[in-house]
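Results of the structural survey
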Amino acid sequence: MATSPLSLLLLSLFLSLSLHAQAQAPAAPAPAPPSGPVNFTAVLEKGGQFVTFMMLLNKTQTFNQIENQLNSSSEGMTIFAPTDNAFSNLKAGALNGLSQQQQVQLLQYHMLSKFYSLSNLLLVSNPVSTQASGHEGVWGLNFTGQSNQVNVSTGLVEVQINNALRQDFPLAVYPIDKVLLPEELFGVNRTIASPPPPATSSGKSNSSETAAAEPSPGKNSAGGRNVALGSIVGLGLLCMGIIS
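In this report, the structure presented in the accompanying data block is examined. (Residues numbered from 1 in each chain as written. Predicted model: local features only at pLDDT ≥ 70, side-chain atom pairs only at ≥ 80, totals over all residues. Heavy atoms only, no water.)

With that out of the way, let us pick up the packing of aromatic side chains. What the rule picks out here adds up to five aromatic pairs. With a centroid separation of 5.8 Å and 35° between ring planes, the pair formed by F80 and F143 is classed as tilted. Here F80, found in strand β1 (residues 77-82), pairs with F143, found in strand β4 (residues 140-146); they are 63 residues apart in sequence, far enough to count as distant. Judged by its relative accessible area of 0%, F80 is buried. Given a relative accessible area of 5%, F143 falls into the buried group. (Phe/Tyr/Trp six-rings, centres within 6.5 Å; stacked < 30°, edge-to-face > 60°. Helix = DSSP H or I, 4+ residues; strand = E, 2+ residues; numbered from the N terminus. Buried < 20%, exposed > 50% of the residue type's maximum accessible area, 1.4 Å probe, protein only.)

Next up on the list: helix α4 (residues 62-70). Of the positions making up α4, those classed as buried are T62, F63, I66, Q69 and L70. With its buried residues spanning 140° around the axis, α4 presents them on a single face. (Arc of directions from axis to C-beta.)

Spatial strand order, β3-β4-β5-β6: four strands in an open sheet with antiparallel pairing. Two strands lie at the open edges of the sheet, namely β3 (128-129) and β6 (158-161), each paired on one side alone. The pairing of β4 with strand β5 (residues 149-153) spans five bridges and is classified as antiparallel. Paired with G145 across the bridge in β5 is V150. (Pairing = 2+ DSSP bridges.)

If a residue is not glycine, its phi is most likely negative; likewise, a peptide bond is most likely trans. In this structure, the amide linkage connecting N126 to the following residue, P127, adopts the cis form with an omega of -5°. Within the secondary structure, P127 sits in the loop between α7 (118-121) and β3. Cis rather than trans, the peptide bond between F169 and P170 has omega equal to 15°. Secondary-structure assignment places P170 in the loop between β7 (166-168) and β8 (171-176). Even without being glycine, Q61 reaches a positive phi, approximately 60°. Residue position: Q61 is located in the loop between α3 (51-59) and α4.

Taken in spatial order, the four strands of this open sheet run β2-β1-β8-β7, and their pairing is mixed. Unpaired on one side and paired on the other, β2 (111-112) and β7 mark the two borders of the sheet. Of the pairings in the sheet, the one linking β1 to β2 comprises two bridges and is antiparallel in character. Along β2, the bridge assignment pairs I79 with M111. Its contacts with the sheet put α4 on β1, β2 and β8, and the angle it makes with β1 is roughly 150°. (Contact = heavy atoms within 4.5 Å. Axes fitted to C-alpha atoms, helices over the stretch in contact; angles between N-to-C directions.)

Before going further, it helps to examine the nonpolar core. Membership of the largest hydrophobic core comes to 51 residues, with the highest contact counts inside it found for F40, L44, F53, F80, L121 and F143. Take this core: its biggest share by element is five residues, from β8. (Core = buried A, V, L, I, M, F, W, Y, C linked by side-chain atoms within 4.5 Å.)

Where burial is concerned, most of β1 is hidden: six out of the six residues are buried. Across six bridges, the pairing between β1 and β8 is parallel. Bridge assignment links F80 to a residue of β8, and that residue is Y174.

Shape descriptors only; they carry no functional weight alone.
Encoded structure:
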């Protein structure tokens, strides 16, 4: 069936209106600009109970290391943040007894060089190496649990992870109620050996042996006096005999 001129006219008018409507439609919104660098400090400040942890991070300049790594690594980071109560429950002098380097190692022991969600922590192969690992060996953490309940253990301390301050790549931050104490710093086998006694000079005896070997001056003097006295008495008797 042939198309009538009226139908063609209506079709042409419809196409024109459609093209005009598309031209007047608003443009699609531009994609959002990429987010800025991750601010780990802001995460802890928002939590409101990490003053001691932040003080130690600032004192040891570990804050700078974290933020540099967060904004340059493709693996992300996982950090376990002890609360102020966790530090308060430590034995007196536990932190002050550590050198500056050991304090850095303690903080790095709370950090993993990869982003882990709570569910991923249950799939890891224990022990998981922390950032405190180095030429002294692997300073590891062990994770156990089920579902969303995760326990982390150092061998000296075990604590449950109940929630997250942040769990978005590239940073996961989990608050904990105990400080994670590595055996390398706080274990019973970490003892400082007493220095050995000073060695005596080769070929020479020590003072006690020398004293024992040398004759006693007191005894020698007494023996000498006895011999002299006996000689005088004997000589006197001899003279008396001659006179008589």
